[in-house]
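Tertiary structure, described
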Amino acid sequence: MSKLVTIFGGSGFVGRYIARRMAKAGWRVRVATRRPNEALFVKPYGAVGQVEPVFCNIRDDDSVAAVLTGADAVVNCVGVLVETGKNSFEAVQAEGAGRIARLAAQQGITAMVHVSAIGADADSDSAYARTKAAGEAAVTEHMPDAVILRPSIIFGPEDQFFNRFAQMTRMGPVLPLVGADTKFQPVYVDNVAEAAEKALTGSVSGGIYELGGPDAMSFRALMDDMLAIIRRRRIVVDMPGFAARLMASGLSLAETLSLGLFTNTVLTRDQVANLGHDNVVSGDHPGLAELGVDPVAMEAVLPDYLWRFRPSGQYAEIKESARDLRA
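All values reported here derive from a predicted model rather than from experimental measurement. (Residues numbered from 1 in each chain as written. Predicted model: local features only at pLDDT ≥ 70, side-chain atom pairs only at ≥ 80, totals over all residues. Heavy atoms only, no water.)

1. Some thoughts on the overall build of the protein chain
Heads up, the rule is: A run of H or I in DSSP becomes a helix once it reaches four residues, and a run of E becomes a strand once it reaches two; helices and strands are each numbered from the N terminus. This radius of gyration counts C-alpha atoms alone. The globule rule is 2.2 Å times how many residues there are, raised to the power 0.38. For the exposure calls, accessible area comes from a 1.4 Å probe over protein chains only, and a residue counts as buried if that area is under 20% of its type's maximum, exposed if over 50%, partly exposed in between. Residue contacts follow a heavy-atom distance rule, with two residues in contact if any of their heavy atoms lie within 4.5 Å. The accessible surface values rely on the Shrake-Rupley method and a 1.4 Å probe; as for residues, cover is taken only from the protein chains in view. Within this scheme the basic residues Lys and Arg register as positive and the acidic residues Asp and Glu register as negative, but His and the chain ends are omitted. Working definition for charges: the position is that of NZ of Lys, CZ of Arg, CG of Asp or CD of Glu.
Each helix and strand in the protein chain was counted, giving 12 helices and 13 strands. Here the C-alpha atoms of the protein chain give a radius of gyration of 21 Å, agreeing with the 20 Å that 2.2 N^0.38 yields for 327 residues. Its C-alpha atoms put the protein chain at 65 × 50 × 40 Å along the principal axes. Every one of the 327 residues in the protein chain was classed for burial, and the buried ones make up 50%. Considering only intrachain contacts with a sequence separation of at least 6, the fraction spanning at least 24 residues in the protein chain is 75%. Taken as a whole, the protein chain presents about 15,500 Å² of accessible surface, with 52% of it coming from carbon and sulfur. Taking the 33 positively charged and 37 negatively charged side chains of the protein chain as two groups, their mean positions are separated by 8 Å.

In structure tokens:
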């Protein structure tokens, strides 16, 4: 019988790509998610019954243990960018990661891939970064041979980075940024998935791997490239730190006063803190090259899904071609 991998967060942005790759590699795939009825799209990734979404709450021992039963390997892709309700950074990224590793070890599972993030730092002024580091420590405590992947900003058709800012360009002539000079090294989502696949199917040593694409650029430069792709002219404004913190505090206060009717997904104080630090590979850990993954450049992918934000959408290039002919 083919091997079984349980992927926590397997219907999310990164997890679905890992699920697809593991299915193509011949593995049975168990997609652990809070809303399995909304994850049915993963079933066609393999043959009938090969990929199955199942319910799991990573805050609960019994729930996690149940979806690990019979698995040969485990992947944890669960993370949150904004805290909502009981899904705090601590509960999900620290305690949740540790729970998965602890229960996997108890069941005799020896192969684990944990998706963390560049910037994971126990001493960071960002709770997001501190809990990412705590999650890594908890994973290695119980699964010392686990492969920990630290990607920079991840791009791809379903991303919440380029898609989000491209959407913002429809709202007015100004594109405000927090930390415009902060550097990122965007990595293609399927490169992250390939790294996870190689960690599970190849002879990859345990430890931390930092994943960055071929281009390290400032936030402003990334937005300039995006604007060129979507054919829009916008004034890119770097919001001063004090103004960003004031705005984030105001939005957080509004969330508190709304008694749950409003969730601040626009800008939080923790995001402001996180945006004050570069998000590029340090060189202190191996990366895509050591995993045998050839990184895909942004220009090869971004136009394929950002075209819908162009003023003329899918017809933009046809119009440009016609204009060139008239000239």
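Next comes the rest of the description.
2. Remarks on the packing of aromatic side chains
Let me state the cut-off plainly: Two rings belonging to Phe, Tyr or Trp (six-membered ring only in the last case) form a pair when the distance between their centres is within 6.5 Å. Interplanar angles under 30 degrees mark stacking, angles over 60 mark edge-to-face geometry, and anything in between is tilted. Sitting over a ring, as applied to charges here, requires NZ of Lys or CZ of Arg to be within 6 Å of the ring centre and within 35 degrees of the ring normal.
One pass over the full model with this rule turns up 9 aromatic pairs. Aromatic side chains Phe13 and Tyr17 sit 6.4 Å apart centroid to centroid with 90 degrees between the ring planes, which places their arrangement in the edge-to-face category. Overall, the relative accessible area of 8% leaves Tyr17 in the buried class. Members of the aromatic cluster, joined through ring pairs, are Phe161, Phe162, Phe165, Phe184 and Phe219. Between the NZ or CZ atom of Arg20 and the centre of the ring of Tyr17, over which it lies, the distance is 5.2 Å. One Lys or Arg, Arg20, reaches over the ring of Tyr45 and ends 4.4 Å from the middle of that ring.

3. Describing unusual backbone geometry
Although it is not a glycine, Arg231 sits at a positive phi angle of roughly 60 degrees. Relative to the helices and strands, Arg231 resides in the loop between helix 7 (219-230) and strand 13 (235-239).

4. Thoughts on the pattern of salt bridges
The test is simple: By definition here, a salt bridge exists when the distance from a side-chain nitrogen of Lys or Arg to a carboxyl oxygen of Asp or Glu is within 4 Å.
Counted by the stated rule, this structure contains 8 salt bridges. The partner of Arg21 in a salt bridge is Glu194, with the nearest N and O atoms 3.8 Å apart. Of this pair, Arg21 sits in helix 1 (residues 15-24) while Glu194 sits in helix 6 (residues 189-201), and the two are 173 residues apart along the sequence. With a relative accessible area of 22%, Arg21 lands in the partly exposed category. Among the salt bridges present, the one from Arg150 reaches Glu210, with a minimum N-O distance of 3.9 Å. Taken together, the residues Arg150 in strand 6 (residues 147-151) and Glu210 in strand 11 (residues 207-211) connect sequence positions 60 residues apart. With respect to class, Arg150 is no different from Glu210; both count as buried. Several salt bridges converge on common partners, so that one network encompasses Arg21, Asp190, Glu194 and Glu197.

5. What about the sheet that holds strand 6?
We count it as follows: DSSP-based pairing: two strands are paired if at least 2 bridges between them are found. Throughout, an axis means a line fitted to C-alpha atoms (over the contacting stretch in the case of helices), and angles, computed between N-to-C directions, take values from 0 to 180 degrees.
Strand order in the open sheet made by the 7 strands is 3-2-1-4-5-6-11, with parallel pairing throughout. Only two strands of the sheet have a single neighbouring strand rather than two, namely strand 3 (51-55) and strand 11. Going from strand to strand, the sheet's axes swing by 20 degrees on average, the running direction of each strand aside. Sheet analysis places strand 5 (residues 111-115) next to strand 6, joined by 3 bridges and oriented parallel. Looking at the pairing, Val115 lines up with Leu149 of strand 6. Sheet strands in contact with helix 2 (residues 61-68) are strand 1 (4-8), strand 2 (28-33), strand 3 and strand 4 (73-76), and its direction is about 150 degrees off that of strand 1.

6. Some remarks on the nonpolar core
Using the following cut-off: Put simply, buried Ala, Val, Leu, Ile, Met, Phe, Trp, Tyr and Cys residues joined by side-chain atoms within 4.5 Å make one nonpolar core.
Ranked by internal contacts, the top residues of the largest apolar core, which has 68 residues, are Phe162, Met223, Met226 and Leu306. Excluding residues within four positions of it along the chain, Leu306 makes contact with Phe162, Asn163, Ala166, Met226, Ile229 and Ile230. Core analysis: the second largest hydrophobic core is formed by 27 residues, Val67, Val92, Ala101 and Met143 among them.

7. Quick look at the layout of surface pockets
Spelled out, the test is: A cavity here means a set of 1 Å grid points, computed over protein atoms only, where a 1.4 Å probe fits but cannot escape. A pocket is an open set with protein on both sides within 12 Å along at least 5 of 7 lines, and lining residues have an atom within 4 Å of a point. Grid points are joined across faces, edges and corners, and a volume is the space filled by probe spheres set on the points. Charged means Asp, Glu, Lys or Arg here, nonpolar means Ala, Val, Leu, Ile, Met, Phe, Trp, Tyr, Cys or Pro, and polar covers whatever is left, Gly included.
Of the volumes computed, that of the second largest pocket is approximately 200 Å³. A breakdown of the residues in the lining of the second largest pocket according to their chemical character gives 2 nonpolar, 3 polar and 4 charged.

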